[in-house]
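Observations on chain architecture
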Amino acid sequence: MDHLLMNTRPLFSLTYHAIFLLFLSLLISKFSLATTLSNETDKLALLEFKSHIDSPLNVLASWNDSFHFCHWVGVTCGNQHQRVIGLDLKNKKLVGTISPYIGNLSFLQSLDLASNSFHGGIPSEVGYLTRLRNLNLSYNPILGGEIPVNLSHCSNLQYLDLKYNDLERGIPSELGFLSKLQILILRNNHLNGRFPPSIGNLSSLQNLSFVYNNLEGEIPNTVAQMKSLTYFHVGINHFSDTLDRSKPIYRNHSSFIVQCLRHSHA
Ligand SMILES: *[C@@H]1O[C@H](CO)[C@@H](O)[C@H](O)[C@H]1NC(C)=O
Ligand SMILES: *[C@@H]1O[C@H](CO)[C@@H](O)[C@H](O)[C@H]1NC(C)=O
Ligand SMILES: *[C@@H]1O[C@H](CO)[C@@H](O)[C@H](O)[C@H]1NC(C)=O
Ligand SMILES: *[C@@H]1O[C@H](CO)[C@@H](O)[C@H](O)[C@H]1NC(C)=O
Ligand SMILES: *[C@@H]1O[C@H](CO)[C@@H](O)[C@H](O)[C@H]1NC(C)=O
Ligand SMILES: *[C@@H]1O[C@H](CO)[C@@H](O)[C@H](O)[C@H]1NC(C)=O
Ligand SMILES: *[C@@H]1O[C@H](CO)[C@@H](O)[C@H](O)[C@H]1NC(C)=O
């Protein structure tokens, strides 16, 4: 029994060492992969994004190898890591689609492509942007498709502005997970279906505008839970609400709800 133990001990310690070394080398390779690949991934993502866009004003001319991508027009990088934290190309007369590669800009905090002619849809890869605080795709009049459910993974989102697009289908109830959301502007689209009751979970929400869509059903009582709400604009839809003052939403938010309901029957 004793010599049996003696025999197994070196074997055990050998496998232990092997496993430890394997673990260590995996850790090192993973670490070096992460540090060398990351800024190159940002560059590739930007070039892929550019390749799906026409720019009659040649706005993206500087997006070439003569400059580091941190100096490309519209690109902002973080000081420490040289990773893209902002992409601001609003009002540049850009025509094209939004590449799914945008989801690889993993340090992105602000994406502003407002007032252009992007078409196609919003890629669900946007949901990989967990540091995103501001998403503004407003005034892209033929940007269609649906609001991607995966947008609800952008847990740091504070401003979501998708007004004056061509978005259709329902408002994903998962948007109710965006606990830091302060501004939710979906006005002037072709959204239909109901007002998701989960929106009432957005306790940081200040401005909500769903005006000019095809929403129907009742405005849920959960709206009354939104303590930060100061601007609530939902008229010009097909809501069935009548002015039932016993409903909590009218008690808590009477000043603006009455006004918005007048709109919805106009
Ligand atoms: C990415 O980072 C590595 C290591 O810091 C550096 O050698 C390389 O030039 C960088 N590439 C770009 C495109 O910034
Ligand atoms: C890169 O862009 C700049 C500014 O538009 C231009 O002057 C330069 O010739 C370009 N370089 C290349 C290699 O295309
Ligand atoms: C980036 O995103 C695209 C499309 O979403 C994907 O195919 C690609 O493998 C991603 N990764 C890198 C490192 O570019
Ligand atoms: C969307 O989210 C689901 C999980 O909810 C995930 O499995 C999927 O890979 C995501 N797709 C994209 C394109 O982001
Ligand atoms: C989104 O962009 C439009 C157009 O530039 C601007 O008017 C609007 O204020 C922006 N929205 C937010 C929430 O910043
Ligand atoms: C969000 O709201 C829905 C419907 O109002 C509710 O059922 C759900 O429990 C809420 N979730 C969280 C995480 O608060
Ligand atoms: C939010 O609502 C306030 C009025 O309560 C308004 O002054 C402000 O411009 C709105 N902001 C946005 C981004 O819509």
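Data block above holds the structure.
Now for a description of the structure that goes with this document. As the structure is a prediction and not an experimental result, all values here were calculated from the model.

1. Considering the site of ligand 2
Neighbouring ligand 2 are the residues Ala 61, Asn 64, Ser 66 and Phe 67. Within the contact set of ligand 2, an oxygen atom lies 3.3 Å away from a backbone nitrogen or oxygen of Ala 61. The separation between a nitrogen atom of ligand 2 and a polar side-chain atom of Ser 66 is 2.8 Å. Its residues assigned to classes, the shell around ligand 2 comprises two nonpolar, two polar and no charged.

2. Here's the deal with the state of the cysteines
Applying the stated criterion across every chain yields a total of one disulfide. With its sulfur 2.1 Å from that of its partner, Cys 70 forms a disulfide with Cys 77. Here Cys 70 and Cys 77 share a disulfide; its torsion about the S-S bond, -90 degrees, makes the bridge left-handed. As far as the burial class goes, Cys 70 and Cys 77 line up, both buried.

3. So, the sheet that holds strand S15 (residues 238–239)
Strand order in this open sheet of four strands is S9-S11-S13-S15, and the pairing throughout is parallel. One side of each edge strand has no neighbouring strand; the edge strands of this open sheet are strand S9 (168–169) and S15.

4. A short note on the packing of aromatic side chains
Inspection of the entire model under this criterion finds eight aromatic pairs. Arranged with centres 6.3 Å apart and planes meeting at 35 degrees, the rings of Phe 49 and Trp 63 form a pair that is tilted. Here the residue Phe 49 occupies a position in helix H1 (residues 2–51), and Trp 63 occupies one in the loop between strand S1 (53–54) and strand S2 (75–77), the gap between them amounting to 14 residues. A residue is classified by how much of its surface remains accessible, and Phe 49, at 1% relative accessible area, is buried. Residue classification places Trp 63 among the buried positions, given a relative accessible area of 1%. A network of ring pairs unites the aromatic residues Phe 49, Trp 63, Phe 69, Trp 72 and Phe 118 as a single cluster. In this structure, Arg 131 packs its charged tip against the face of Phe 107, placed 4.0 Å from the ring centre.

5. What to know about the pattern of salt bridges
Here the structure, examined in full by the defined rule, presents six salt bridges. Residue Asp 112 is joined to Lys 90 by a salt bridge in which the shortest nitrogen-to-oxygen separation is 3.6 Å. In this pair, Asp 112 sits in strand S5 (residues 110–112) while Lys 90 sits in the loop between strand S3 (84–88) and strand S4 (95–97), placing the two residues 22 residues apart along the sequence. By relative accessible area, which is 38% here, Lys 90 ends up partly exposed. A single salt-bridge network, built from bridges that share partners, covers Asp 88, Lys 90 and Asp 112.

6. As for the site of ligand 4
Taken together, Ser 124, Glu 125, Tyr 128, Asn 150 and His 153 are the residues near ligand 4. Ser 124 places a polar main-chain atom, nitrogen or oxygen, 3.4 Å from an oxygen atom of ligand 4. Here Asn 150 contributes a side-chain N or O atom positioned 2.5 Å from an oxygen atom of ligand 4. Computed on the free molecule, ligand 4 has an accessible area of 360 Å², of which 48% lies beneath the protein chains in the complex. Of the residues contributing to the shell around ligand 4, the split by class is one nonpolar, three polar and one charged.

About the cut-offs
- Residues numbered from 1 in each chain as written.
- Chains lettered and ligands numbered in written order.
- Predicted model: local features only at pLDDT ≥ 70, side-chain atom pairs only at ≥ 80, totals over all residues.
- Heavy atoms only, no water.
- Near = heavy atom within 4 Å.
- Polar contact = N/O pair within 3.5 Å; in protein donor to acceptor, adjacent residues only side chain to side chain.
- Nonpolar A, V, L, I, M, F, W, Y, C, P; charged D, E, K, R; others polar.
- Disulfide = S-S within 2.5 Å.
- Buried < 20%, exposed > 50% of the residue type's maximum accessible area, 1.4 Å probe, protein only.
- Pairing = 2+ DSSP bridges.
- Helix = DSSP H or I, 4+ residues; strand = E, 2+ residues; numbered from the N terminus.
- Phe/Tyr/Trp six-rings, centres within 6.5 Å; stacked < 30°, edge-to-face > 60°.
- Lys NZ or Arg CZ within 6 Å of the ring centre and 35° of its normal.
- Salt bridge = Lys/Arg side-chain N within 4 Å of Asp/Glu carboxyl O.
- Areas by Shrake-Rupley, 256 points an atom, 1.4 Å probe, with all protein chains shown as cover.

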